[in-house]
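Breakdown of the fold
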Amino acid sequence: MTQVTQPGVRSDVTACILCSRNCGLAVEIQDNQFKKIKGDDQQPFSQGYICQKAARLEHYQNHADRLRHPLKRQSDGSFAEISWDQAIKEIAAKLLHIRDSYGGTAFASVGGGGQGNHLGGAYSRQLLLAMKSFYSYNALAQEKTGDFWVNGRVFGNQQCHTTEDVEHADYILFIGTNPFQAHGIPNARDTLKHIKKDPNRTMVVFDPRVSETAKQADIHLQLKPGTDAFLMSAMISIIIRENLHDQQFIDQHTYGFEQLKQVFLAVPVEDCIHRAGVDSELVYQVARDFARAKHGCVRIDLGLQHSLHTTLNGYLEKLLYLVTGNFGKQGGNNLHTALIPIISDTDERNPKYRRSMYHHMFPISGFFPPNILPDEILKAGDKRIRAVFVDSSNPLMTYADTPAYTKAFESLDLLVVVDVAMTETAQLADYVLPAHSQFEKWEFTGFNLEFPKNGFHLRHPLFTPTGNTLPEAEIYTRLLEEMKVIPKQFSLLKKIAENESPKTKRLGYMAALGALLAKNSQFIPYAASITYRTLGETLPNNAASTAFLLPLAIKFAVENTKAVQRAGYQGNKLTLGFDLFEHILNDRSGVVISEHHYEDVWSLVAYKDRKIRLAIPEMFVALAELKQEPTLDQTEYPFILFAGERRSYNANQIYRDPAWRKVDPHGSLRIHPEDAARFEVINGDKLRCISRNGQVEVVVELDAGMQKGVVSLPHGYGMRYQGSEPIGPRLNMLTSSDHCEPFSKTPYQKYVPVKLEKVA
Ligand SMILES: Nc1nc2c(c(=O)[nH]1)N[C@H]1C(S)=C(S)[C@@H](COP(=O)(O)OP(=O)(O)OC[C@H]3O[C@@H](n4cnc5c(=O)[nH]c(N)nc54)[C@H](O)[C@@H]3O)O[C@H]1N2
Ligand SMILES: Nc1nc2c(c(=O)[nH]1)N[C@H]1C(S)=C(S)[C@@H](COP(=O)(O)OP(=O)(O)OC[C@H]3O[C@@H](n4cnc5c(=O)[nH]c(N)nc54)[C@H](O)[C@@H]3O)O[C@H]1N2
Ligand code: SF4
Ligand SMILES: [Mo]
């Protein structure tokens, strides 16, 4: 509960918004500012853990680039403050004009939730539907969609997503991820420390760089960039050749192994290992020990997903734990439940999911890849995208190919940006709509990916909003009302909500809502705004925007009844969700929402027969092509750049004020000392980093942990704070839209060919 500790100082709890872990925070607040930030022991998952980044959150909450008023671009390019009424009226009229003149395909939404804010996504999503569009572009489709596609084939639905029980594993493969800096696993640094200390547990890291995690590892396979597919296919081949696969698991739970076996017996193991440039004996040892481990698990991230063969990598990674039977058990990889459906299932074989106009690209898990958007705006002729709504995202900085994005966004008929800060993307907008910060409104994320226990944390507002800002729920609901997609009032429904007796919980309301939507199916897509304006207005503490969680909680409880009961909620299949909702609303440090048994994982497999499909024909083709893949010609661009490393002081584009950083103010280029010597540069000197698309000037940092011929720059720099020159590298000046995996169109950000020049 919020408490007053000393005069003027309040304590409260919330969560960190800087990475997908969303660790619980216990905070002290004074004068509407953070005074002290530490870990919240009561948060059921992070249990008090935080990293160094969270303590700096005042730099997100208050800084000079915060937006305070709705803005409209003037003919001379400057911005003028306007009222919300004017903004909503003008934008609604323009949207309707575009929709009714050119059809829904002329509109795209971009973003819709970052590392900490997914509540607003339920509302922004409605605008896409009101525009009769299905073009949702999102950062997930520049990293994870290859993986989601594989999940769809292996488990039967792209919403089936796996998690890794690193805390209970005795043999862990970290492939292309640096959890010491990037987290992504529970309480990463503590977890890594425990594994390191325990002689019975083995940590193996696959990384071209001696990363902070690699330094803690028992075994480091320092492979060449972009060669994971070679290495993983060699390992799977070794496991199958040596009969180390788990035949019993395979027989009981999977289809397609015989086909798989033939394909992997044909993998040229030695060639593949050679290609990856690692010690052959070590690879055999890791393959054998992983297969024999009691509790083996695999954790991957951008080192695989932002590199060559993204989709194939996702497949091979899954095969590693599936053929060894490390699935559906403690310390293995498992599927998990989800209260908030952030992704959907859009299998490209289903013609119902419409493709993009220029690239004929299909959505994966509901999202289109940012790499194609500039072309869809600039090159699709009459079918082009003419209006874009950007929310919680800064694509001018974070999507590949800044020059292409700049040109595309400048050519739009309408660009609207909803953000808390004046970003580089907002600078190009026709209208900029200022949102409450994540600590000024109700918030949550959908990044709860745990199994067998899963959780959810609804955060209460901490601060009084300053300036003329609104929460996303209000912004989008007003727009829908102005567009006459929904009426301004649902008087009957609201009256039922107001008069509901505590005894009936909210049953009367839910019955009335169900009846309304059954009779008026055109309102179904707008259930979030309807609950916001009706039930929402009766919830305590201005929690209106959270009302749509009630139907989601009910659905979740119906689908996972026993697991929800085990987590301590009262009621039967139909009433349990009401109790869950009350706890979500009132338990400020977050709640456990489901508690499964490991063997329940099979009920989360989407194929009706609950069996896993191991053989994916498209992936067999990709594997065959691997054998013929030529090595890169490096004559013109002799270095491979990792364009986007996670370090101690970067956090996507969430912090704009450079004062938050305690080290690495320039976001330096890490380079092997011998490579640096060739350019006669030392720490602090400058180099020019040049790709085929652009160039940036960088500050040098010698790092003997880099491979020769490989350099690395951090993600999350390059912003212009208060209109300054860019601070640190603008990475996506170097990347190109077409430098991506042909299938998923996810960018090769960890494989950007560059050359270096000394700055005179
Ligand atoms: N500090 C910090 N933490 C963050 C973020 C942040 O901005 N800052 N962002 C969050 C987000 S959005 C994400 S998606 C995650 C990403 O988290 P991670 O993917 O774990 O982080 P990265 O540093 O991008 O990349 C991980 C590792 O991949 C290695 N790598 C590069 N190329 C290859 C390759 O070809 N093969 C292999 N095996 N490895 C390779 C790099 O050397 C690096 O150590 O981090 C999250 N956490
Ligand atoms: N070259 C290269 N590019 C990369 C990466 C890389 O490694 N290399 N990493 C990629 C990855 S993995 C990711 S996930 C993306 C992330 O890139 P984006 O999807 O652009 O997300 P963020 O950088 O988190 O941007 C968050 C935006 O949300 C705003 N914001 C914060 N709080 C709120 C709020 O409450 N409401 C609203 N409306 N807005 C808010 C912030 O001010 C900021 O402008 O970047 C990608 N880009
Ligand atoms: S950045 Fe991630 S790991 Fe660090 S405190 Fe925030 S949520 Fe936790
Ligand atoms: Mo990400």
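In the annotation of an unreviewed UniProt entry, the entry for the protein chain reads Anaerobic selenocysteine-containing dehydrogenase, and the organism field reads Acinetobacter puyangensis. According to its UniProt record, the protein chain has this under Sequence similarities (unreviewed entry): "Belongs to the prokaryotic molybdopterin-containing oxidoreductase family."

1. Focus on the nonpolar core
Most often, soluble globular proteins have nonpolar side chains that are buried together. With 102 residues, the main nonpolar core has Leu173, Tyr315, Leu316, Leu320, Phe327, Val388 and Phe409 as its most contacted residues. The leading source of residues in this core is helix α8 (residues 228–241), at 10 residues. Counting contributing residues per domain, this core is built from domain 2 (71–144 + 343–434) and domain 3 (162–335), each supplying no fewer than three. Residues within four places of Val388 in sequence aside, it is in contact with Ala108, Val110, Ile377, Phe409, Leu412, Leu414, Leu415 and Val416. Of all hydrophobic cores here, the second largest spans 98 residues; its members include Ala54, Ile98, Leu470 and Leu549.

2. Examining the environment of Ala108
With respect to the helices, strands and loops of the structure, Ala108 is situated in strand β7 (residues 107–111). Ala108 sits in the buried class, given a relative accessible area of 0%. In this structure, the C-alpha to C-alpha distance between Ala108 and Leu96, residues 12 residues apart in sequence, is 14 Å. The contact partners of Ala108, leaving out residues within four places of it in the chain, are Tyr135, Tyr137, Ile385, Ala387, Val388 and Phe389.

3. Observations regarding the sheet that holds strand β14 (residues 296–300)
Ordered in space as β12-β11-β10-β14, the 4 strands form an open sheet in which the pairing is parallel. At either margin of the open sheet sits one strand with a lone partner, and together these are β12 (219–221) and β14. In this sheet, neighbouring strand axes are inclined to one another by 15° on average, regardless of whether the strands run parallel or antiparallel. In terms of strand pairing, strand β11 (residues 202–206) meets β12 through 3 bridges, oriented parallel. Looking at the pairing, Phe206 lines up with Leu221 of β12. Together, β10 (171–175), β11, β12 and β14 form the strand contacts of helix α12 (residues 280–292), whose direction differs from that of β12 by roughly 120°. Contacts from helix α14 (residues 310–323) reach β10 and β14, with the element oriented near 170° to β14.

4. Details of the UniProt feature "domain: 4Fe-4S Mo/W bis-MGD-type" (unreviewed entry) in the protein chain
Under the UniProt annotation, the feature "domain: 4Fe-4S Mo/W bis-MGD-type" (unreviewed entry) is placed at residues 9–65. The span residues 9–65 is 7% helix and 37% strand, and its two end C-alpha atoms sit 26 Å from each other.

5. Digging into unusual backbone geometry
In the segment running from Phe451 into Pro452, the intervening peptide bond is cis, with an omega of 5°. Within the chain, Asn542 stands out as a residue other than glycine whose phi angle is a positive 50°. Looking at the element boundaries, Asn542 is found in the loop between α21 (527–533) and α22 (549–559). The exposure class of Asn542 is exposed, given its relative accessible area of 72%. The backbone of Gln722 shows a phi angle near 50°, a positive value even though the residue is not glycine. Looking at where Gln722 falls in the secondary structure, it is placed in the loop between β26 (710–714) and β27 (752–758). Given a relative accessible area of 57%, Gln722 falls into the exposed group.

6. Let's talk about the site of ligand 2
If you check the shell around ligand 2, you find 30 residues, and the closest are Thr398, Asp419, Lys441, Glu472 and Ala643. In the environment of ligand 2, a nitrogen atom lies 2.6 Å from a nitrogen or oxygen atom belonging to the side chain of Glu472. Gln749 has a polar side-chain atom sitting 3.5 Å from a nitrogen atom of ligand 2. When ligand 2 sits alone it has 920 Å² of accessible area, and the protein chains cover 96% of it. Elements supplying a minimum of two residues to the shell around ligand 2: β17 (414–419) and β22 (639–645). Its residues assigned to classes, the shell around ligand 2 shows 8 nonpolar, 16 polar and 6 charged. When residues of the shell around ligand 2 are assigned to domains, at least three fall in each of domain 2 (71–144 + 343–434) and domain 5 (630–758).

7. Some remarks on the packing of aromatic side chains
Centre-to-centre distance and the angle between the planes together describe a pair of aromatic rings. Following the criterion strictly, the structure yields 28 aromatic pairs and no others. Their ring planes at 20° and their centres at 5.5 Å tell us that Phe155 and Phe327 sit as a pair that is stacked. Separated by 172 residues along the polypeptide, Phe155 in helix α4 (residues 145–155) and Phe327 in the loop between α14 and β15 (333–335) bring together distant segments of the chain. Of the two residues examined, Phe155 and Phe327, each falls in the buried class. Through successive ring pairs, a cluster of aromatic residues spans Tyr123, Phe444, Phe456, Tyr532 and Phe548. A cation over a ring is seen here: Arg386 above Tyr102, with NZ or CZ 3.6 Å from the ring centre. Directly above the ring of Tyr607 sits Arg613, whose terminal nitrogen or CZ lies 3.9 Å from the centroid.

8. Some words on the side chain of Asn326
In this fold, Asn326 is placed in the loop between α14 and β15. Accessibility expressed as a relative area gives 0% for Asn326, which makes it buried. Engagement of the side chain of Asn326 in a polar contact is seen with the backbone nitrogen of Gly296, the distance being 2.9 Å. For Asn326, the contacting residues outside a window of four places in its chain are Phe290, Ala293, Lys294, His295, Gly296, Tyr321, Gly332 and Asn333.

9. Some details on the packing of α8 against helix α10 (residues 257–265)
Following both chains from N to C, one finds α8 and α10 inclined at 115°, their axes separated by 9 Å at the closest point. Classed by the angle they form, the pair α8 and α10 counts as roughly perpendicular. For the element pair α8 and α10, the recorded crossing hand is left-handed. On the side of α8, the interface is formed by Ser233, Ile236, Ser237, Ile240 and Arg241, while α10 contributes Phe257, Lys261, Phe264 and Leu265.

10. Structural notes on the pairing of β27
Bridge analysis of β22 against β27 gives 3 bridges, and the strand direction is antiparallel. In the sheet register, Ile640 faces β27, and the bridge partner there is Pro753. Two elements, strand β24 (residues 686–690) and β27, share 4 bridges in a ladder whose sense is antiparallel. Within β27, the position partnered with Ile690 by the bridge is Lys755.

11. Observations regarding the packing of α4 against α14
One way to put it is that α4 packs onto α14 with a least axis distance of 8 Å and a crossing angle of 50°. On the basis of the axis angle, α4 is oblique to α14. Note on packing geometry: the crossing formed by α4 with α14 is right-handed. Contacts between α4 and α14 involve Gly146, Asp147, Trp149, Val150, Asn151, Val154 and Phe155 from the first element and Thr311, Gly314, Tyr315, Glu317, Lys318, Tyr321 and Leu322 from the second. Class assignment for the residues of the contact of α4 with α14 results in 7 nonpolar, 4 polar and 3 charged.

12. Some thoughts on the sheet that holds strand β16 (residues 387–391)
Sheet architecture is open: 7 strands sit in the order β6-β5-β18-β17-β16-β7-β8, paired in mixed fashion. Either end of the sheet is taken by a strand with one partner, and the two such strands are β6 (79–81) and β8 (136–137).

13. Let's talk about the side chain of Ser736
By secondary structure assignment, the location of Ser736 is in the loop between β26 and β27. If sequence neighbours within four positions are ignored, Ser736 has contacts with Asn371, Ala400, Asp401, Arg692 and Asn693.

14. A closer look at the state of the cysteines
In this structure the tally under the stated criterion is 0 disulfides. Sulfur of Cys160: no disulfide; nearest cysteine sulfur belongs to Cys297 and is 19 Å away.

The rules behind these values
- Residues numbered from 1 in each chain as written.
- Chains lettered and ligands numbered in written order.
- Predicted model: local features only at pLDDT ≥ 70, side-chain atom pairs only at ≥ 80, totals over all residues.
- Heavy atoms only, no water.
- UniProt positions renumbered as here; feature names shortened; annotations may be inferred.
- Core = buried A, V, L, I, M, F, W, Y, C linked by side-chain atoms within 4.5 Å.
- Buried < 20%, exposed > 50% of the residue type's maximum accessible area, 1.4 Å probe, protein only.
- Helix = DSSP H or I, 4+ residues; strand = E, 2+ residues; numbered from the N terminus.
- Domains from an automatic or database assignment.
- Contact = heavy atoms within 4.5 Å.
- Pairing = 2+ DSSP bridges.
- Axes fitted to C-alpha atoms, helices over the stretch in contact; angles between N-to-C directions.
- Near = heavy atom within 4 Å.
- Polar contact = N/O pair within 3.5 Å; in protein donor to acceptor, adjacent residues only side chain to side chain.
- Areas by Shrake-Rupley, 256 points an atom, 1.4 Å probe, with all protein chains shown as cover.
- Nonpolar A, V, L, I, M, F, W, Y, C, P; charged D, E, K, R; others polar.
- Phe/Tyr/Trp six-rings, centres within 6.5 Å; stacked < 30°, edge-to-face > 60°.
- Lys NZ or Arg CZ within 6 Å of the ring centre and 35° of its normal.
- Parallel < 35°, antiparallel > 145°, perpendicular 65-115°, else oblique.
- Left-handed = near helix turned anticlockwise from the far one by under 90°.
- Disulfide = S-S within 2.5 Å.

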